Amino acid sequence: MMKKKSVSARKASLVLFLCQMISALDVPLDSKLLEELSQPPTITQQSPKDYIVDPRENIVIQCEAKGKPPPSFSWTRNGTHFDIDKDAQVTMKPNSGTLVINIMNGGKAEAYEGVYQCTARNERGAAVSNNIVIRPSRSPLWTKEKLEPNHVREGDSLVLHCRPPVGLPPPIIFWMDNAFQRLPQSERVSQGLNGDLYFSNVQPEDTREDYICYARFNHTQTIQQKQPISVKVFSTKPVTERQPVLLTPTGSTSTKVELRGNVLLLECIAAGLPTPVIRWIKEGGELPANRTFFENFKKTLKIIDVSEADSGNYKCIARNRLGSAHHVISVTVKAAPYWITAPRNLVLSPGEDGTLICRANGNPKPDISWLANGVPIAIAPEDPSRKVDGDTIIFSHVQERSSAVYQCNASNEYGYLLANAFVNVLAEPPRILTPANKLYQVIADSPALLDCAYFGSPKPEIEWFKGVKGSILRGNEYVFHDNGTLEIPVAQKDSTGTYTCVARNELGKIQNEVHLEVKDPTMIIKQPEYKVIQRYGQASFECVIKHDSTLLPTIIWLKDNAELPDDERFLVGKDNLTIMNVTDKDDGTYTCIVNTTLDSVSASAVLTVVAAPPTPAIIYARPNPPFDLELTGQLERSVELSWIPGDENNSPITNFVIEYEDGLHEPGVWHYQTEVPGTQTTVQLKLSPYVNYSFRVIAVNEIGRSQPSEPSEQYLTKSANPDENPSNVQGIGSEPDNLVITWESLKGFQSNGPGLQYKVSWRQKDVDDEWTSVIVANVSKYIVSGTPTFVPYEIKVQALNDLGYAPEPSEVIGHSGEDLPMVAPGNVQVHVINSTLAKVHWDTVPLKTVRGHLQGYKVYYWKVQSLSRRSRRHVEKKILTFRGNKTFGMLPGLEPYSSYKLNVRVVNGKGEGPASPDKLFKTPEGVPSSPSFLRITNPTLDSLTLEWGSPTHPNGVLTSYILKFQPINNTHELGPLVEIRIPANESSLILKNLNYSTRYKFYFNAQTSVGSGSQITEEAITIMDEAGILRPAVGAGKVQPLYPRIRNVTTAAAETYANISWEYEGPDHANFYVEYGVAGTMASRQVDIATQGWFIGLMCAVALLILILLIVCFIRRNKGGKYPVKEKEDAHADPEIQPMKEDDGTFGEYSDAEDHKPLKKGSRTPSDRTVKKEDSDDSLVDYGEGVNGQFNEDGSFIGQYSGKKEKEPAEGNESSEAPSPVNAMNSFV
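Here the structure is a predicted model, which is why all the values come from computation and not from measurement.

K.L.:
A description of the pattern of salt bridges should follow, citing residues and the corresponding values.
P.N.:
Scanning the model with the defined rule gives 35 salt bridges in all. Across the pair Asp586 and Arg569 runs a salt bridge whose closest N-O atoms are separated by 2.9 Å. One end of the pair, Asp586, is in the loop between β54 (576-579) and β55 (588-595); the other, Arg569, is in the loop between β52 (562-563) and β53 (570-572), with 17 residues separating them in the sequence. Its relative accessible area of 2% is what places Asp586 among the buried residues. Using a relative accessible area of 14% as the deciding quantity, one classes Arg569 as buried. The shortest N-O distance in the salt bridge between Asp766 and Lys765 comes to 3.5 Å. Taking the relative accessible area as the measure of exposure, Asp766 reaches 71% and is therefore exposed. Within the structure, one salt-bridge network assembled from shared partners comprises Asp177, Arg208 and Asp210.

The following block contains the structure:
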């Protein structure tokens, strides 16, 4: 029936407008009037044109309309009448045209697909809705398919296709993994507009088996999942770099059509290694500044609200350091119809004329067609008062039967517009809508507006009278508004009275009276005055008012535009404000505001609180403002200003501040000009051209600044050439083929005249070229395109205005844009200095190939593998930067006996150039680190089993292990040192033929061809008796390391003292004893035998024997017999406590190389201890708590444990044997 005849939803009210014809009527917003007037239907609410519904819910198709009388509703479906009474699933809401299709009670949404249109009809006409297309949303399942794993070489490109099922509306696509986490996207990996996942180049970390494409259908709130896609990346060395190739779109050109007002999306995704960077340009134009956005890492160009001007060729350029690729997309912007002038409702009186205008535009140009009451106007009932002329309907001499609703349809291949506009012909007598006897009150000398809102058809004529029998009001003292309002611009007291408004047309006449009262204005006849009050004094402000006797005034006091403080010191009277006992915080501005129902006035005064002056009291205040400002001797660049000072108020004026206003450039803004001493009342002022000067003067004394004086007369200086040129001129390229010239624009009056512009000139340096110049507007940047890459330019920027040029500017040197360096450094050589340091040399690159400011060179180096382990690991490249034009650099921190690669790159302001070929070098062997562990297990009477781990860092090929060990006796003296060389492929050793119940100390280290590495030490004891061995508990079988332990003992001797330092590992709360000897003597450790168990037992036995002998002797003496008693007892000292012989070569203390190593991480309580011997040797005794110290004959100091010391709790790694001299020293060693 109609060609794409559907209207957009319009919400219309009962307010009727006619804008085309002067004779048309306006219907006032009066609810009672609107209820009485007839009106054709107006569609106020309807469903959208393309209505996608949820198939699981009831379908609601909206159609609401208003009219008088209320309209009835009918529907068509697919162009034929839709009888809703015959379908039990369809109902229409009461007093509405809205349809409800019941789907939840057995109906199927698919059965109600189609095109629906609503008609609202009453006796004045019929309005129609849009063609509403009903379609249920669909979310189909994914087609099952067998997905083969993707095997991709590192560095190659890859596209994972999503191909979602076609849904309604189309689904939203996103990629996730099995854990429902979004896959990270970047410049290298991103999702295209079609939902596919693009890899510009794959990396090993891209290997995974759960690339899953999800499709979310919002209407049905469902998500469909594609089967997981597997990607396996295999590596090939080296990875080949590749220049960019476009993955999408394909080819060199493509086309795109978009509709006006929509969002234009253009996409370019490229493959390449390194990952290409995308740049967008519009050929022959600029991208729209405020409507252009870049998305998806600049792979997507987004232009919102496109118009026909956005048509053209858009080029995307993909670039990496190996080259570039581009694609041109030809964009054509078409347009669905859009309104230029939509038809508007007409309200006419019988016999009047009017027009309906329907003008629309589009691309292609839309066709205009008319309907009357929903029927094509060609077949609608004839109306002799109308004539159709293309996009206009002309109405002449209308009658009431001409009332109808007209529809204008504008359509082209991309869409349509449909608008309803009614013609309502009314014949109504006049009505006055302003309430009768309404009272208006105004203040004298202000405007008075008396309303007379009216309606009638034809439009009534309005007349005003004053008084019941007064004459009609005319003349310049009244203003008559089109809406019937009478305005008295300046109401006087004699304007008070009754006014009558009369409205008449050919159908009748009506009048209405209103009343006007003119009141006297409210005035403050005694205003508050400025006060200077001594601290703790009393301040009082007056505010005496005069007002109309019929108005009730209210007075409000404010302090600094806020309410008065809540303080009982503030007393508000009828016409005054009193502040008792003023303090410094009472300083401020006090305002008296007088309000009535008709007007408001205010006055302010400042209170200044000062300290109590000496007697007699003198009131000090800010000076009064100067006055009588006069300008004389006006010249082009100077003028003389004079003034008369105001009262200085007992504080001498120290200086005058002169300010100026530029009424031409910055009206209302005052600037500082100069200041002069307080004794001077004239000043010669320097002026600038093309400034409209006004001056004012402010006086200053010790109290403060006066109020500004009244402004002087204005003085406009003549225009002149600019005196100066822009500053901070620079030339720096932003792209390889341009030169961006920038400068700081002149400020305000620096222009010296109208028409400020800049002449920008440039030429290539050291080339015999002429200057190229261009004159630009008042901007601060100009871009020169098409320049060679990184060449110097001479640049100058000169200011000019309508009168001429500024002085010749100075030249500055700039450079066009940089590009990446072209070549890599050559002749790269590596000199290995030692196992951890190498020196790399290279030749400098030619400066012309740098194509920018040379910033230096970068050396990339990485460990390929360890030559001892032959195991590869993840390559962690390190970078060293050498600033300037250097040709060598040192590479520290290398690992011994390893294979390294490096390359060198030149760096400029744009970035890095290509890498030199990888250079392979090897570091020599070094000494190994200490073995990773040393464990001593399976102790027997004469053997111990040693197990060890190879060094964490062998730093070469291990040749052997060196094991040294020696016994330690009960006095902690060391026995002979035994050394054993063990093959490098061994990891354990059984030591046999050891002494039973003997403690041994072991020193263990690894060797390479370079030398021995650091050693580790352990101690262990062979067992005393196999018969006494219990069954080992879980975890037994190894000898735990003995604690505490002292390492890294160092000494520093002076003439009279020595510093001794060490690192301690073991339990807290230990005591330390130091022994030392004179060089060439042997130190030994003495043991207090009084604390030994065997000695105590021997003494007990001797005491018991002596007691028995005494008893025997007593008995015998009582019997009278005398028997000789042998008193001499042989005491045999335990051989364990005998000092060692000098010829066995051992001493009472020992140290080893391991003791000088710092503690490893994880040691129990490492700490540095320092003992300093000063003044006298016996001061060292103080370092042993409860220790008796003595010197041997050889001068050595012996520290020993006191028997009074309490036994400390045993640590987990300590021996549980009985106390012995060895154990007693464990807290010290």
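K.L.:
Which residues make up the pairing of strand β27 (residues 312-320), and what values go with them?
P.N.:
The pairing of strand β24 (residues 277-282) with β27 spans 6 bridges and is classified as antiparallel. Across the sheet, Trp280 pairs through a bridge with Cys316, a residue of β27. When β27 meets strand β28 (residues 323-341), the two strands line up antiparallel, connected through 9 bridges. In the strand pairing of β28, Lys315 is matched with Val328. What sits between the antiparallel neighbours β27 and β28 is a turn of 2 residues.

K.L.:
So what's going on with the confidence of the model for the protein? Residues and values would help.
P.N.:
For any part of a model where pLDDT is low, the fine detail of the predicted coordinates should not be relied upon. Taken over all residues, the pLDDT of the protein has a mean of 82, while the share at 70 or more is 83%. Low pLDDT (under 50) marks residues 1027-1043, which in the prediction has 24 contacts with non-local residues, meaning those over four places away or in another chain. Within the model, the stretch residues 1120-1229 combines pLDDT values under 50 with 218 contacts to residues more than four positions away or in other chains.

K.L.:
Lay out a nonpolar patch on the surface in plain terms, naming residues and giving numbers.
P.N.:
Among the surface-exposed residues, Leu1104, Leu1107, Ile1108, Ile1111, Val1112, Phe1114 and Ile1115 lie close enough to one another that they form a single nonpolar patch of about 650 Å² accessible area. Tracing the backbone through its elements, the reader meets Leu1104 in helix α3 (residues 1093-1119).

K.L.:
Residue-level account of the packing of aromatic side chains, with values.
P.N.:
To describe a pair of aromatic rings, you give the distance between the ring centres and the angle between the ring planes. For the structure on display, the rule yields 20 aromatic pairs. Taking the centre distance of 5.8 Å and the plane angle of 75 degrees together, the rings of Phe82 and Tyr116 count as edge-to-face. Taken as a pair, Phe82 in the loop between β6 (80-81) and β7 (90-92) and Tyr116 in strand β9 (residues 114-122) lie far apart in primary sequence, 34 residues in all. Taken as a pair, Phe82 and Tyr116 share a single burial class, namely buried. In this structure an aromatic cluster arises from ring pairing among Phe174, Phe180 and Tyr214. Seen from the ring of Phe888, Lys839 lies directly overhead, with NZ or CZ sitting 4.7 Å from the centre.

K.L.:
Which residues make up the sheet that holds strand β13 (residues 158-160), and what are the values?
P.N.:
Taken in spatial order, the 3 strands of this open sheet run β13-β16-β15, and their pairing is antiparallel. Only two strands of the sheet have a single partner each, and these edge strands are β13 and β15 (189-191). Ignoring strand direction, the axes of neighbouring strands in this sheet form an average angle of 15 degrees.

K.L.:
Residues and numbers for the side chain of Lys226, please.
P.N.:
By the element assignment, Lys226 lies in the loop between β18 (222-225) and β19 (229-234). When its relative accessible area of 3% is taken as the criterion, Lys226 is described as buried.

K.L.:
I'd love a proper account of the side chain of Arg569, names of residues and values included.
P.N.:
Separated by 3.1 Å, the side chain of Arg569 and the backbone oxygen of Asn581 make a polar contact. Aside from chain neighbours lying at most four places away, what touches Arg569 is Thr578, Ile579, Met580, Asn581, Val582, Thr583, Lys585 and Asp586.

K.L.:
Quick rundown of the environment of Leu963? Include the residues and the values.
P.N.:
As for its placement among the helices and strands, Leu963 is situated in strand β81 (residues 958-968). Distance in space between the C-alpha atoms of Leu963 and Thr1017 is 9.8 Å, their sequence separation being 54 residues. Here Leu963 is in contact with Leu946, Val978, Glu979, Ile980, Ile982, Leu989, Leu991, Phe1002, Tyr1003 and Phe1004, once residues within four sequence places are set aside.

K.L.:
Give me the lowdown on the nonpolar core, citing residues and values where you can.
P.N.:
Ranked by size, the top nonpolar core spans 25 residues in total, and within it Ile59, Ile61, Trp75, Ile101, Tyr116 and Ile134 carry the most contacts. Here this core takes 3 residues from β9, the largest share from any one element. Ignoring sequence-local partners within four residues, the contact set of Ile61 consists of Ser47, Tyr51, Trp75, Gly97, Thr98, Leu99, Ile101, Tyr116, Ile132 and Ile134.

K.L.:
Account for the state of the cysteines, with residues named and values stated.
P.N.:
Under the counting rule described, the total for this entry stands at 6 disulfides. Two residues, Cys162 and Cys213, share a disulfide whose sulfurs are 1.9 Å apart. Across the S-S bond linking Cys162 and Cys213, the dihedral sits near -65 degrees, which makes this disulfide left-handed. Here Cys162 is found in the loop between β13 and β14 (172-176), whereas its partner Cys213 is found in strand β17 (residues 208-217), with 51 residues between them in sequence. We classify Cys162 as buried; its relative accessible area is 0%. Overall, Cys213 belongs to the buried group, its relative accessible area being 0%. Here Cys358 connects covalently by a disulfide to Cys408, the sulfurs 1.7 Å from one another. Torsion about the S-S bond of the Cys358 and Cys408 cystine: about -65 degrees, corresponding to left-handed handedness.

The rules we used
- Residues numbered from 1 in each chain as written.
- Predicted model: local features only at pLDDT ≥ 70, side-chain atom pairs only at ≥ 80, totals over all residues.
- Heavy atoms only, no water.
- Salt bridge = Lys/Arg side-chain N within 4 Å of Asp/Glu carboxyl O.
- Helix = DSSP H or I, 4+ residues; strand = E, 2+ residues; numbered from the N terminus.
- Buried < 20%, exposed > 50% of the residue type's maximum accessible area, 1.4 Å probe, protein only.
- Pairing = 2+ DSSP bridges.
- pLDDT = per-residue confidence, 0-100.
- Contact = heavy atoms within 4.5 Å.
- Patch = residues over 30% accessible without salt bridge, like charges linked within 9 Å, V, L, I, M, F, W, Y side chains within 5 Å.
- Areas by Shrake-Rupley, 256 points an atom, 1.4 Å probe, with all protein chains shown as cover.
- Phe/Tyr/Trp six-rings, centres within 6.5 Å; stacked < 30°, edge-to-face > 60°.
- Lys NZ or Arg CZ within 6 Å of the ring centre and 35° of its normal.
- Axes fitted to C-alpha atoms, helices over the stretch in contact; angles between N-to-C directions.
- Polar contact = N/O pair within 3.5 Å; in protein donor to acceptor, adjacent residues only side chain to side chain.
- Core = buried A, V, L, I, M, F, W, Y, C linked by side-chain atoms within 4.5 Å.
- Disulfide = S-S within 2.5 Å.

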